[in-house]
Each structure stands twice: as structure tokens, then as C-alpha cells.
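Now for the letters of each chain:
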Amino acid sequence: MAKIKRVRTKPCTRCEETCDVLYRVRIDEDGRWIFVCPACLEKVKPGNSHYQYGGTWKSKKRH
Ligand SMILES: [Zn+2]
């Protein structure tokens, strides 16, 4: 029996690109957690008073 490999990727909430690394952040006043790619983080972070960092999500976990 061959095992089906599942690719664990998430799409960026802003640009909808799937990425191996996403950042869990809050950028809106509603306080909703979203996942953004590094490129989008650079765009939303500067001057954002609602910005809060909640961790890094990686598709490939190393142990
Ligand atoms: Zn993005």
C-alpha cells in the first residue's frame, strides 16, 4: 500500500499564494488572525497600529 503524501501548505490571506512559510498576524481592528506570506508582511506591517505577531507557520517541520 502506497501512502498518499499530503502537502501541507496554506494560502496567504492577502495574495492567496501558497507558501512554505507564513506569518500569523493581526492587522485589522476586528482582531482577526490571518496568515500572510513574507512579501505581504512587509506591506502590511509598516505603520500598522493593529499589527500583532502571533507566530510563524511552516509546512515543513524540522525536529
Ligand atoms: Zn501574500
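In the block above lies the structure referred to throughout.
Residues numbered from 1 in each chain as written. Predicted model: local features only at pLDDT ≥ 70, side-chain atom pairs only at ≥ 80, totals over all residues. Heavy atoms only, no water.

A. Seen up close, the coordination of the zinc ion. The coordination sphere of the zinc ion, as far as protein atoms go, consists of Cys 12 (SG), Cys 15 (SG), Cys 37 (SG) and Cys 40 (SG), spread over 2.3 Å. Going along the chain, you hit the donors of the zinc ion in the pattern C-x2-C-x21-C-x2-C. A residue is classified by how much of its surface remains accessible, and Cys 12, at 2% relative accessible area, is buried. (Donors = N, O, S within 2.8 Å, 3.2 Å for Na, K, Ca; no water. Buried < 20%, exposed > 50% of the residue type's maximum accessible area, 1.4 Å probe, protein only.)

B. Just the pairing of strand β4 (residues 33-36), in detail. Residues Ile 34 and Val 36 of β4 are buried on one face, while the alternating residues Trp 33 and Phe 35, pointing to the opposite face, are not. Sheet topology note: the strand β3 (residues 21-26)/β4 ladder contains four bridges and is antiparallel. In the sheet register, Tyr 23 faces β4, and the bridge partner there is Val 36. Taking the residues that link successive antiparallel strands as the turn, the β3-β4 hairpin has six residues, and the phi of Gly 31 there is positive, at about 75°. (Helix = DSSP H or I, 4+ residues; strand = E, 2+ residues; numbered from the N terminus. Pairing = 2+ DSSP bridges.)

C. Representation of the nonpolar core within the structure. Counting eleven residues, the largest nonpolar core consists of Cys 12, Leu 22, Val 25, Ile 27, Ile 34, Val 36, Cys 37, Cys 40, Leu 41, Val 44 and Trp 57. Mapped by element, the contributors of at least two residues to this core are β3, β4 and α1 (38-44). Ranked by the residues each element gives to this core, the list is headed by α1, at three residues. Not counting residues within four places of it along the chain, the set of residues in contact with Trp 57 comprises Arg 8, Thr 9, Lys 10, Cys 19, Asp 20, Val 21, Leu 22 and Phe 35. (Core = buried A, V, L, I, M, F, W, Y, C linked by side-chain atoms within 4.5 Å. Contact = heavy atoms within 4.5 Å.)

D. Expanded view of the environment of Tyr 23. With respect to the helices and strands, the residue Tyr 23 is situated in strand β3. Linking Tyr 23 and Cys 40, residues 17 residues apart in sequence, is a C-alpha distance of 9.5 Å. Beyond its immediate stretch of four places on either side in the chain, Tyr 23 contacts Ile 34, Phe 35, Val 36, Cys 37, Pro 38, Leu 41, Tyr 53, Gly 55 and Thr 56.

E. Summary view of the side chain of Ser 59. As for its placement among the helices and strands, Ser 59 is situated in the segment after β5 (52-58). Among the residues examined, Ser 59 registers a relative accessible area of 12% and is labelled buried. Those residues in contact with Ser 59 that lie beyond four places of it in its chain are Arg 8 and Asp 20.

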